[in-house]
Amino acid sequence: MKLNRTQWASVTAVVLALLFAGGAVTVASADRDKAPSTPTAESADAGFARDMAVHHQQAVEMSFIVRDRTRDEEVRRLAYDIANTQANQRGMMLGWLDMWGLPKVQSGVAPMTWMGMGDMSMGGEDGELMPGMATRAELDRLRKASGRQAEVLYLKLMTKHHKGGIHMAQGCVERCVPGVERDLAQGMVDAQQSEIKLMADMLRQRGA
């Protein structure tokens, strides 16, 4: 059958459409092949989630301690904000580990191994597991302090804690797979840097 010009144009359009569709499927398939798989237990993503969950838990603990040791509304408000924020973030990170089917505690692996710092673990130093974390002795002093003494000690301990947290979060920004976890880590860096400046002002106001 001989096709006229109009019919040839229609056939050509259909062929081009099919070729375009096939190309789109191929590209989509290739994109899926490049998509990151579920993190492994040894990945930076999993290591950060595990370690930062522990790091955050101590910040929450210190914040609840100081709220019971002072009546200063400014310190109590900061403590509440830190406890609330870090408890929520900790829940997210533990939830990711559950979703990935990975353990929340990896026995036999030192903290910070995912950052190449496992051999520098401070686990033997009175409970100071990771950079910035308070020792058991420091936590005991906070529990026994009250008023201005408790406020100053908390602000100093939390400043140190935030600096260690920023170091860890920056490690995830540099090593974790692009996505929500890396975005959360960058948010931690920004927020905790801001809180460090606030706590420096609060310490100056208290003559410390």
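Residues numbered from 1 in each chain as written. Predicted model: local features only at pLDDT ≥ 70, side-chain atom pairs only at ≥ 80, totals over all residues. Heavy atoms only, no water.

## Digging into the overall build of the chain
When helices and strands are counted, the chain shows 6 helices and 0 strands. Moving toward the C terminus, one meets the helices and strands of the chain in the order α-α-α-α-α-α. Counting only residues that meet the buried cut, the chain has 41% of its 208 residues in that class. Counted over contacts in the chain with a minimum sequence separation of 6, partners at least 24 positions apart contribute 73%. Summed over all atoms, the accessible surface of the chain reaches about 11,700 Å², with 56% contributed by carbon and sulfur. (Helix = DSSP H or I, 4+ residues; strand = E, 2+ residues; numbered from the N terminus. Buried < 20%, exposed > 50% of the residue type's maximum accessible area, 1.4 Å probe, protein only. Contact = heavy atoms within 4.5 Å. Areas by Shrake-Rupley, 256 points an atom, 1.4 Å probe, with all protein chains shown as cover.)

## Overview of the layout of surface pockets
A volume near 340 Å³ is recorded for the largest pocket. If you trace the largest pocket, you find 21 residues lining it, with Arg-50, Asp-51, Lys-104, Val-105 and Gln-106 closest to the centre. Those elements that provide at least two residues to the lining of the largest pocket are helix H2 (44–69) and helix H3 (73–100). In terms of residue count, H2 provides more of the lining of the largest pocket than any other element does, 5 residues in total. A per-class count over the lining of the largest pocket returns 12 nonpolar, 4 polar and 5 charged. (1 Å grid on protein atoms, 1.4 Å probe; cavity = no way out; pocket = protein on both sides within 12 Å on 5 of 7 lines; lining within 4 Å. Points joined across faces, edges and corners; volume = space filled by probe spheres on them. Nonpolar A, V, L, I, M, F, W, Y, C, P; charged D, E, K, R; others polar.)

## Considerations on the nonpolar core
Counting 50 residues, the largest nonpolar core has Phe-48, Met-62, Met-93 and Tyr-154 as its most contacted members. The set of elements that each furnish at least two residues to this core consists of H2, H3, helix H4 (136–144), helix H5 (147–175) and helix H6 (180–205). In terms of residue count, the dominant contributor to this core is H5 (11 residues). Residue contacts for Tyr-154: discarding those within four places in its chain leaves Met-62, Ser-63, Val-66, Val-75, Leu-78, Ala-79, Ile-82 and Leu-142. (Core = buried A, V, L, I, M, F, W, Y, C linked by side-chain atoms within 4.5 Å.)

## A closer look at unusual backbone geometry
Unusually for a residue other than glycine, Met-112 sits at a positive phi of about 75 degrees. Mapping Met-112 onto the fold places it in the loop between H3 and H4.

## With respect to the packing of aromatic side chains
With the rule as written, the count across this model stands at 2 aromatic pairs. With centroids separated by 5.8 Å and ring planes inclined at 75 degrees, the aromatic side chains of Phe-48 and Trp-114 adopt a geometry described as edge-to-face. Within this pair, whereas Phe-48 is found in helix H2, its partner Trp-114 is found in the loop between H3 and H4, the two being separated by 66 residues in sequence. Accessibility expressed as a relative area gives 0% for Phe-48, which makes it buried. Under the relative-accessibility criterion, Trp-114 is labelled buried at 10%. Aromatic side chains Trp-96 and Trp-100 sit 6.5 Å apart centroid to centroid with 20 degrees between the ring planes, which places their arrangement in the stacked category. Of this pair, Trp-96 and Trp-100 both sit in helix H3, 4 residues apart, which is roughly one turn of that helix. Each of the two residues, Trp-96 as well as Trp-100, counts as buried. (Phe/Tyr/Trp six-rings, centres within 6.5 Å; stacked < 30°, edge-to-face > 60°.)

## Digging into the environment of Met-117
Note that Met-117 resides in the loop between H3 and H4. Put simply, Met-117 and Met-130 are 13 residues apart on the chain and 9.8 Å apart in space, counted from C-alpha to C-alpha. Not counting chain neighbours up to four residues away, the residues in contact with Met-117 comprise Pro-111, Met-112, Pro-131 and His-167.

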